[in-house]
Amino acid sequence: MTRLVVLSAGLSDPSSTRLLADRLTSAVVDRLEAPVDVDVVELRRLAHPLADRLVTGFAGAELAAALEAVRGADALIAVTPVYAASYSGLFKTFVDVLERDALDGTPVLVAATGGTARHSMVLDHALRPLFTHLRATVLPSGVFAATDDFGGAGLEARVERAAAELAAALNPGAGHRRPPQRSLEAELAEPTPFEELLRRAGADPTD
């Protein structure tokens, strides 16, 4: 059975970060033929155990279970809100207490949420280098979701693309279902906004 671990660093309940994590998880599971054991790690619940780990050097039972889940995962989905143009402190603290070889060769899908698309570069300037340093296999496509993206077709297409890549990494051949494409007639009748095209390319539409 495929073991998929999902890290969600949202601080509120519910949170847009957890919503994005759930959408990515669902899209990946839908593409895999084999049974999938999904383990969602809500970092918000581990804030105090993480602080204790930093001070004492020992992980409590709940934190130890989360760390072991990540170590034993066949794939990881990691989603964080953006703070000060980077991943959150809670997210980084959890990563800091992982064993150095915990993610060796593990496929990782990185994702983030923020107020506006101006923060989308966090995927490439913060999350991708972090997991590359840990020798994980970071998938080509990350997913950023601004507040206004939820409910839009653009986010759904990005989710499907990233899910296809992770499914293919776990089961070659399972991830090659292309996301729905708009017909030429539909594109001409209702063109995709330039800001959305920039967002898909990972650029900042305000530059």
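Structure: see above.
Residues numbered from 1 in each chain as written. Predicted model: local features only at pLDDT ≥ 70, side-chain atom pairs only at ≥ 80, totals over all residues. Heavy atoms only, no water.

For the rest of this paragraph, the subject is the packing of helix H2 (residues 47–56) against helix H4 (residues 89–96). Where H2 contacts H4, the two axes come as close as 10 Å, and the packing angle between them is 50°. In terms of their interaxial angle, H2 and H4 are classed as oblique. Like other packed secondary-structure pairs, H2 and H4 cross with a definite hand, here left-handed. Contacts between H2 and H4 involve Ala47, Leu50 and Leu54 on the former and, on the latter, Leu90, Thr93 and Phe94. (Axes fitted to C-alpha atoms, helices over the stretch in contact; angles between N-to-C directions. Helix = DSSP H or I, 4+ residues; strand = E, 2+ residues; numbered from the N terminus. Parallel < 35°, antiparallel > 145°, perpendicular 65-115°, else oblique. Left-handed = near helix turned anticlockwise from the far one by under 90°. Contact = heavy atoms within 4.5 Å.)

The next thing to look at is the packing of aromatic side chains. Each pair of aromatic rings is reported with the distance of its centres and the angle of its planes. Here the structure, examined in full by the defined rule, presents 2 aromatic pairs. With 6.1 Å between their ring centres and 35° between their planes, Tyr87 and Phe91 make a pair best called tilted. Neither Tyr87 nor Phe91 differs from the other in exposure class; each is buried. Here the aromatic rings of Phe91 and Phe131 are separated by 6.1 Å at their centres, their planes lie at 75°, and the arrangement is edge-to-face. Residue Phe91 is found in helix H4, and its partner Phe131 is found in helix H5 (residues 122–133); the two are separated by 40 residues along the sequence. The two residues Phe91 and Phe131 agree in class, both being buried. An aromatic cluster is built from Tyr87, Phe91 and Phe131, whose rings are joined through pairwise contacts. (Phe/Tyr/Trp six-rings, centres within 6.5 Å; stacked < 30°, edge-to-face > 60°. Buried < 20%, exposed > 50% of the residue type's maximum accessible area, 1.4 Å probe, protein only.)

This next bit is on the nonpolar core. Core analysis: the biggest nonpolar cluster contains 39 residues, and Leu43, Phe91, Phe94 and Phe131 have the highest contact counts within it. Within the residue set of this core, elements represented by two or more residues are strand S1 (2–8), helix H3 (61–71), strand S3 (75–83), H4, strand S5 (107–114), H5 and strand S7 (143–146). Take this core: its biggest share by element is 6 residues, from H5. Sequence-distant contacts of Phe131, that is, excluding residues within four places in its chain, are made with Leu76, Ala78, Phe91, Leu103, Val108, Val110, Ala136 and Val138. Core analysis: the second largest hydrophobic core is formed by 22 residues, Leu20, Leu24, Leu32 and Ala145 among them. (Core = buried A, V, L, I, M, F, W, Y, C linked by side-chain atoms within 4.5 Å.)

Evaluation of the coordinates by the stated rule reveals 12 salt bridges. Taken together, the shared-partner salt bridges connect Arg18, Asp22 and Glu42 into one network. (Salt bridge = Lys/Arg side-chain N within 4 Å of Asp/Glu carboxyl O.)

Moving on: the pairing of S5. Across the 8 residues of S5, 8 count as buried, placing the element largely inside the fold. Residue alternation in S5 divides its side chains into two sets, Pro107, Leu109, Ala111 and Thr113 and Val108, Val110, Ala112 and Gly114, and both sets are buried. Summarising the sheet, S3 and S5 pair through 6 bridges and their orientation is parallel. Looking across to S5, one finds that Ile77 is bridged to Leu109. One ladder, built from 2 bridges, connects S5 with strand S6 (residues 137–138); its direction is parallel. Bridging from a neighbouring strand, Pro107 pairs with Thr137 of S6. With 4 bridges connecting them, S5 and S7 associate as parallel partners. Among the inter-strand pairings, Ala111 is bridged to a residue of S7, identified as Val143. (Pairing = 2+ DSSP bridges.)

A few words on the side chain of Thr17. Among the secondary structure elements, Thr17 is positioned in helix H1 (residues 16–31). Here Thr17 falls in the buried class, since its relative accessible area comes to 2%. If sequence neighbours within four positions are ignored, Thr17 has contacts with Ser8, Ala9, Gly10, Val79, Thr80, Pro81 and Thr113.

Okay, the environment of Ala157 next. Relative to the helices and strands, Ala157 resides in helix H6 (residues 153–170). Classification of Ala157 as partly exposed rests on a relative accessible area of 30%. Once the C-alpha coordinates of Ala157 and Val143 are considered, the two residues, 14 residues apart in sequence, prove to be 9.8 Å apart.

Here the focus is the environment of Leu19. Counting through the fold element by element, Leu19 comes out in helix H1. Separated by 11 residues in the primary sequence, Leu19 and Ser8 have C-alpha atoms spaced 9.2 Å apart.

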